[in-house]
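A look at the structure
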Amino acid sequence: MQWIGPGIAALLFALLVQGCTTEAWYEGVKRSGESRCRSESPTDTQRCMERLNRKSYQEYEQERSGSER
């Protein structure tokens, strides 16, 4: 069996604990991205973290709902 990374494990855990909701997927993907950034060198970690999506799920939904009108 192949070892899975901590980001994927966190995503799977979030899905299992919270159920397979859209919000759980959204938060899991954000955590996975943060985990990947932390595995970079210190200089690259900072740049990577600055590029990450920082919106809450509620902010994301509001923007998404507003753009569909």
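Keep in mind the model is a prediction, meaning the values are calculated, not measured.

**Some words on the packing of helix α2 (residues 22–38) against helix α3 (residues 42–51)**
- Between α2 and α3, the shortest axis-to-axis distance is 8 Å and the interhelical angle comes to 160°. Between α2 and α3, the interaxial angle falls into the category roughly antiparallel. The interaxial crossing formed by α2 with α3 has right-handed handedness. Contact residues: α2 offers E34, C37 and R38, while α3 offers T45, C48 and M49.

**A few points about the state of the cysteines**
- For the coordinates displayed, the defined rule picks out one disulfide.
- Here C37 engages in a disulfide with C48; their sulfurs sit 1.9 Å apart. Torsion about the S-S bond of the C37 and C48 cystine: about -70°, corresponding to left-handed handedness. Within this pair, whereas C37 is found in helix α2, its partner C48 is found in helix α3, the two being separated by eleven residues in sequence.

**Re α3**
- Along α3, the positions that sit buried rather than exposed are T45, C48 and M49. Relative to the axis of α3, the buried residues are bounded by an arc of 100° and lie together on one face. Facing away from the buried surface of α3 by more than 90 degrees, the exposed residues are E50 and R51.
- Of the surrounding secondary structure, the elements contacted by the buried residues of α3 are α2.

**Focus on α2**
- With 17 residues, α2 extends 25 Å from end C-alpha to end C-alpha; this agrees with the ideal 24 Å at 1.5 Å per step.
- The complete set of buried residues in α2 reads A24, Y26, E27, G28, K30, S32, G33, E34, S35 and C37.

Reading the values: rules and limits
- Residues numbered from 1 in each chain as written.
- Predicted model: local features only at pLDDT ≥ 70, side-chain atom pairs only at ≥ 80, totals over all residues.
- Heavy atoms only, no water.
- Axes fitted to C-alpha atoms, helices over the stretch in contact; angles between N-to-C directions.
- Helix = DSSP H or I, 4+ residues; strand = E, 2+ residues; numbered from the N terminus.
- Parallel < 35°, antiparallel > 145°, perpendicular 65-115°, else oblique.
- Left-handed = near helix turned anticlockwise from the far one by under 90°.
- Contact = heavy atoms within 4.5 Å.
- Disulfide = S-S within 2.5 Å.
- Buried < 20%, exposed > 50% of the residue type's maximum accessible area, 1.4 Å probe, protein only.
- Arc of directions from axis to C-beta.
- Expected span 1.5 Å × (residues − 1).

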